[in-house]
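Each chain, written out:
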Amino acid sequence: MSVRFRGVRGGTGPVTLGQRNVLRWLGTDGDRSDVLPVFVELSPGHTVSELVGALGVLVARHEALRTTFVLDSPEGPTQRVLVEGEVALQLHELTGDDPLAFIGQLVWQQLGVPFDVVDGLPLRVLVITDGGAPIVAVLLFCHVAVDAAGAAIVGEQLRALLAGRDDLAEERGHQPLDQAEWEQSEVGRRRTRSALKYWDTRLRQVPQAMCAMPPHPDGTPGYLERRMVSTAAASALRVIVERTGASYSTVVLAAAAALLSVRTATPDGVIVSICGNRFRSAWREYVGPLAQDALVPYTLDDDATFDDVVRQVQATTINAYRYAQFDSIELWEVIDNVGRERGTYFHRDAVFNDLGATTAAAATNAPDDPVAALADTRLEPMPDRTLPTAFLLTLGGVSDTDADIRLHVDTARFPAAEVDTVLLALERLLVTAATGEVRVRDIGAATGVSPVRREESWRLLDSSWVDLDEVHAAVSDAVGGGAVRVTAEDGRITAHVAAPAPGPRELHTAVLAALPGRPGAMAPHHYVIHDIQGTVLDSGSGRPTASAD
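These numbers come from a predicted model, not from an experiment.

A.B. asks: What's the story with the sheet that holds strand β1 (residues 2–6) in this structure? I'm lost.
C.D. replies: What holds strands together in a sheet is hydrogen bonding between their backbones, with the strands either parallel or antiparallel. The sheet built from five strands is open, its strands ordered β1-β6-β7-β8-β3 with mixed pairing. Taken across any chain shown, the strands that pair with only one partner, and hence form the sheet edges, are β1 and β3 (35–41). Strand after strand, the sheet turns through a mean of 25° between neighbouring axes, direction not considered. Where helix α2 (residues 48–61) meets the sheet, its contacts fall on β1, β6 (84–93), β7 (123–130) and β8 (133–142), and the angle it forms with β1 comes to roughly 40°. Relative to the sheet, helix α3 (residues 99–111) contacts β3, β6, β7 and β8, its axis offset from that of β7 by approximately 165°.

A.B. asks: Sorry if this is basic, but what is going on with the side chain of E225 here?
C.D. replies: Note that E225 resides in strand β9 (residues 223–230). Discounting residues that sit within four places of it in the chain, E225 has contacts with P381, M382, R385, R406, L407 and H408.

A.B. asks: I'm lost on the pattern of salt bridges in this one. Help?
C.D. replies: The final tally for this structure, using the stated rule, is 28 salt bridges. Close ionic contact of R9 with D178 constitutes a salt bridge, the shortest N to O distance being 3.3 Å. Remark: D178 occurs in helix α5 (residues 176–183) and R9 occurs in the loop between β1 and β2 (11–14); sequence separation between them is 169 residues. For D178, a relative accessible area of 16% puts it in the buried group. Residues participating in the shared-partner salt-bridge network are R227, R378, E380, D404 and R406.

A.B. asks: Help me understand the pairing of strand β17 (residues 464–467) in this model?
C.D. replies: Regular strands show a simple pattern: their side chains alternate between the two faces of the sheet. Both faces of β17 are covered, namely the face carrying S464 and V466 and the face carrying W465 and D467. Relative to β17, strand β16 (residues 458–461) runs antiparallel, the two being bridged by four bridges. Following the sheet pairing, L461 is matched in β17 by S464. Here β16 folds back onto β17, and the loop between the two strands holds two residues, one of which, D462, carries a positive phi near 50°.

A.B. asks: Help me understand the nonpolar core in this model?
C.D. replies: Most often, soluble globular proteins have nonpolar side chains that are buried together. Core analysis: the biggest nonpolar cluster contains 88 residues, and V251, F306, F391, L393, V398, I405 and L430 have the highest contact counts within it. Among the elements that make up this core, the one with the highest residue count is helix α8 (residues 248–264) (12 residues). When near neighbours in sequence (up to four residues on either side) are disregarded, V251 contacts L237, I240, V241, A246, F306, V310 and L430. Formed by 35 residues, the second largest nonpolar core is a distinct cluster that contains V38, V48, L51 and V154.

A.B. asks: Explain the packing of aromatic side chains here, please?
C.D. replies: Aromatic ring pairs are defined here through the distance separating the ring centres and the angle between the ring planes. In this structure the tally under the stated criterion is five aromatic pairs. Seen in terms of ring centroids, Y198 and Y323 are 4.7 Å apart; in terms of plane orientation they differ by 15°. Their pairing is stacked. In this pair, Y198 sits in helix α6 (residues 186–203) while Y323 sits in the loop between α9 (306–321) and α10 (328–342), placing the two residues 125 residues apart along the sequence. In terms of burial, Y198 and Y323 fall into one category: buried. Relative to F326, the ring of W199 lies with its centre 5.7 Å away and its plane at 75°, an arrangement referred to as edge-to-face. Highlighted residues: W199 in helix α6 and F326 in the loop between α9 and α10, separated in sequence by 127 residues. A single burial state applies to W199 and to F326, both of which are buried. The ring of W283 carries R280 above its face, with NZ or CZ at 5.2 Å from the centroid.

A.B. asks: Please clarify how the side chain of T244 should be interpreted in this entry.
C.D. replies: As for its placement among the helices and strands, T244 is situated in helix α7 (residues 231–244). Within the structure, the side chain of T244 is placed 2.8 Å from the backbone oxygen of I240, a separation counted as a polar contact. Excluding anything up to four places from it in sequence, T244 contacts D307, V310 and R311.

A.B. asks: Would you take a moment to explain unusual backbone geometry for this structure?
C.D. replies: Excluding glycine, residues mostly carry a negative phi; peptide bonds, for their part, are mostly trans. The omega angle of the peptide bond from A499 to P500 is 0°, so this bond is cis rather than trans. Looking at where P500 falls in the secondary structure, it is placed in the loop between β19 (492–498) and α15 (504–513). Backbone geometry places A265, a non-glycine residue, at a positive phi of 55°. Residue position: A265 is located in the loop between α8 and β10 (268–275).

A.B. asks: Would you mind showing me how to read α3 here?
C.D. replies: Note on helix geometry: an α-helix contains 3.6 residues per turn, so any two residues three or four positions apart are oriented the same way. Over its 13 residues, α3 runs 18 Å from end to end, which matches the ideal 18 Å to within 8%, given 1.5 Å per residue. Turning to α3, its buried residues number three or more, namely F102, I103, L106, V107, Q110 and L111. Each buried residue of α3 lies within a common arc of 165° when the element is viewed along its axis, so the set occupies one face. Turning to α3, the residues buried within the fold contact β3, β6, β7 and β8. Regarding α3, its N-cap is D98, as a side-chain oxygen of that residue lies 3.3 Å from the backbone nitrogen of L100 further along.

Reading the values: rules and limits
Residues numbered from 1 in each chain as written. Predicted model: local features only at pLDDT ≥ 70, side-chain atom pairs only at ≥ 80, totals over all residues. Heavy atoms only, no water. Pairing = 2+ DSSP bridges. Helix = DSSP H or I, 4+ residues; strand = E, 2+ residues; numbered from the N terminus. Axes fitted to C-alpha atoms, helices over the stretch in contact; angles between N-to-C directions. Contact = heavy atoms within 4.5 Å. Salt bridge = Lys/Arg side-chain N within 4 Å of Asp/Glu carboxyl O. Buried < 20%, exposed > 50% of the residue type's maximum accessible area, 1.4 Å probe, protein only. Core = buried A, V, L, I, M, F, W, Y, C linked by side-chain atoms within 4.5 Å. Phe/Tyr/Trp six-rings, centres within 6.5 Å; stacked < 30°, edge-to-face > 60°. Lys NZ or Arg CZ within 6 Å of the ring centre and 35° of its normal. Polar contact = N/O pair within 3.5 Å; in protein donor to acceptor, adjacent residues only side chain to side chain. Expected span 1.5 Å × (residues − 1). Arc of directions from axis to C-beta.

As far as function goes, none of this settles anything; it's purely spatial.
Okay, here's the thing in structure tokens:
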């Protein structure tokens, strides 16, 4: 079937920062992350024609859902909003004894079908019927049209329309064309400049990789994701939120940061939190890709309580979220410049994502005793996907009874057998903090998480854990396998390289190119090139700044 729509406004204009950033990676991940599904359960009594009508209203209301893109323009990509048209809708009659498996298989197949952003619309709809009556609608969005928050907004508005809300057809609200205009204003440009300055400053201070650890003895190459559904965590979150005034999202982020720092023995840590960027009142129901990375540094003091950690993370997160709007190309230029001067590669290996804003009614019906509720925790597998992070913790949401928390890991460093352990440790930390005082120094004992064991070749240098053996391998690769000796003294790494070898600047550039995929490697602070007798032929930092020598 088709869902016909007719909107109020059409037109063309420059793309938003969010659209531009998504268009750069769209179709390159190979992990089905281009498609965002939203599931809407339908109450009995609704008809397919009602559903088609409600969807037509929503597509007319949200210009992002009726936007295509011109990618070959000399001025760069352009968004093109259609006034009218059709969205594809598929009807599937339920078969078999397992509705969840039937729907899951349909959606999994659709996740592998890419969107045509040039000639097609960024929304597909699946409607599952039982005896001809619709029971579930699955909205499949292209990521260039929405982020997770925007997709959730459309899903909630579909439920509201079907429940009788009649004002959504009349409100236009803030649209991607308006967002692009704001971003190109002086205020918008000042905001993006401030964001790049913030990242430049913080990247010079934080660890280059939070998960710089030796491969786990039981680890294997690959990725795995698991989900924990916990009434105990929901109950504990409610208590901690009431006590600290922080959001549910902030408390889960603080718990993840604390556990990761204990596991990696990195008290001065950093985590990338995906920021929804819907702070302005006009943007709260914005449908479009607005979410971007926020760089959240934090410091764990052994004497601090978990509440102290929550309050610190709340403050640093609020600050970081102010600087989470930027052009991704310009940001990577900042990252690369800092990396050349510092001799590091930013790995973005620890990430937190809150998939939806938690309402004030969250966890209202969770049990009063989180300890007793521990017996009800469920651990469930998630579909396989490959994401370029070693540790991704996702807050799927907090309902009135449960917390949905998911962990996606690199199984070389977090083996499959440990994934459930980490999720349960997070739950224990929340429950322990809700029922009594827990200090940072006691988190390991309270959760069973112990610091990773590192060999003598590892050093804590410039806030980062560095494996001198990995540094040696990176330098050796840079010189094509020539003789290399690496030493570390007074917080500085020196590489002694036998001639023939390039000069320090060329050598430094080659070492930097060898750092991706090596979270334990850092470029030396100083290069010494010598002949076979040991006579120094050349030396220097190789950095692009004169002061680095």
